[in-house]
Amino acid sequence: MKWNSAAAVFGLVAPTHALLRFGCSQLTIQRLDPLVTPGQNPSPHLHQIIGGNSFNVSMDFPSHDLVKLSTCTTCQFTEDLSNYWTAVLFFRARNGTFKRVPQLAQAGMEGTKGGMVVYYMSDALFDTAQRSSVTAFKPGFRMLVGEASYKDREQARDFRQLTYTCMENQASRSPETVGFPKTPCKLGIMANHRFPTCWDGVNLDSPNHRDHVAYPETGTFESGGKCPSTHPVKIPQILLETVWDTSQFNRKEDWPEDGSQPFVWSNGDSKGFGNHADYVFGWKDNALQKAMDAHTYVSAPMLRTQSISEQNKCTVRNMVNENFDGWLKELPGGNPIF
Ligand SMILES: *[C@@H]1O[C@H](CO)[C@@H](O)[C@H](O)[C@H]1NC(C)=O
Ligand SMILES: *[C@@H]1O[C@H](CO)[C@@H](O)[C@H](O)[C@H]1NC(C)=O
């Protein structure tokens, strides 16, 4: 069985591999990036952020303790006060103006305000014989996957499994493409971010926020690929799924006359190869390790679940004060399209 087909039916049958899968609603949308440009308000491009409400302009370790400073989280499991963020998708009309694309909750999580679905995977998928174990992240751990400035397919090869799915309906999970889908997608565009799964075991971060983690030497996490000797510690695979509700932008007569597609990331990327996501770990105590060790399947009785309406209530104040709704003459920050 393939990942794609099984992922499509998560809501319907119990899958046979170990993972946590949970919804997180929108915490905030702001032009802030405490990982790449800490202290800078506003940051170069707009992000959509989920997780604990200690999210701030700077989140340096150890002074910023996500667990201590957060009083709520937008995620289903209240032990998870981490923050996760990606760029924001915009539609570019023929007249050159931009409109933010709203986000859509996945099937089974209706009522969730925007946000993403988060996975923490501990096993090679569907390989029940191979019960591998993973080491949960340590306080202070953070990482970035992808590179916002990447312009072409060759560059995008640096990162495995940063993809898009053109969704016909809520069950669509394939094919995955590395660039933006080229044709209108009836339900929306799912952006998939799978983070690297091997850690050097020492550094909680690195200057480019990437070098302390690595991909398996060969294959993928799902295929059971071994970690390289430089990064020997197998960490959970984090997968973020964001569904961008492009349905209101699907009129072909509004699409570019040259046949290209009209969506751009908030950093100006019109190809999709600059796909990137950020993670700052903030689970309480050893709750994540316990959940991973339990080899549980989607539901996690050892974790505390809150209701979607509680998730939706958690938010942070607007620290940037800029308008990014309605038709905009330029992307927030004035980023040129590439
Ligand atoms: C964010 O940082 C500022 C400046 O350090 C601080 O005053 C504020 O309380 C912080 N907000 C949160 C939610 O932690
Ligand atoms: C630009 O195009 C969009 C989409 O067709 C339209 O809604 C908007 O009013 C237009 N803006 C201007 C200034 O013409």
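Each value, and the rule that gives it
- Residues numbered from 1 in each chain as written.
- Chains lettered and ligands numbered in written order.
- Predicted model: local features only at pLDDT ≥ 70, side-chain atom pairs only at ≥ 80, totals over all residues.
- Heavy atoms only, no water.
- Buried < 20%, exposed > 50% of the residue type's maximum accessible area, 1.4 Å probe, protein only.
- Helix = DSSP H or I, 4+ residues; strand = E, 2+ residues; numbered from the N terminus.
- Pairing = 2+ DSSP bridges.
- Disulfide = S-S within 2.5 Å.

Asker: Account for the pairing of strand β3 (residues 47-51), with residues named and values stated.
Answerer: For β3, the buried fraction is high: five of the five residues fall into the buried class. Every second residue of β3 is oriented toward a common face, with His47, Ile49 and Gly51 on one face and Gln48 and Ile50 on the other, all of them buried. Two elements, strand β2 (residues 26-30) and β3, share four bridges in a ladder whose sense is antiparallel. Bridge assignment links glutamine 30 to a residue of β3, and that residue is histidine 47. Pairing of β3 with strand β4 (residues 83-87) involves five bridges; the strand directions are antiparallel. Paired with glutamine 48 across the bridge in β4 is threonine 86.

Asker: Break down the state of the cysteines for me, with residues and values.
Answerer: Evaluated as defined, the whole model comprises four disulfides. The partner cysteine of cysteine 24 in its disulfide is cysteine 75, sulfur to sulfur 2.1 Å. One disulfide, between cysteine 24 and cysteine 75, carries an S-S torsion of 105° and so falls in the right-handed class. Placement of the pair is cysteine 24 in strand β1 (residues 19-24) and cysteine 75 in the loop between α2 (66-69) and β4, with a sequence separation of 51 residues. Residue classification places cysteine 24 among the buried residues on the basis of a relative accessible area of 0%. Cysteine 75 gets classed as buried once you look at its relative accessible area, which sits at 0%. One disulfide bridge connects cysteine 198 with cysteine 227, the sulfur atoms lying 2.2 Å from each other. Between cysteine 198 and cysteine 227 the disulfide shows an S-S torsion of about -85°. By sign, it is left-handed. Taken together, the residues span a long stretch of sequence, with cysteine 198 in strand β13 (residues 198-199) and cysteine 227 in the loop between β14 (213-214) and β15 (233-234) at a distance of 29 residues. The two residues cysteine 198 and cysteine 227 agree in class, both being buried. Along the protein, the cysteines engaged in disulfide bonds are linked according to the scheme 1-3, 2-8, 4-5, 6-7 when indexed in sequence order.

By themselves, these observations are geometric and do not establish any function.
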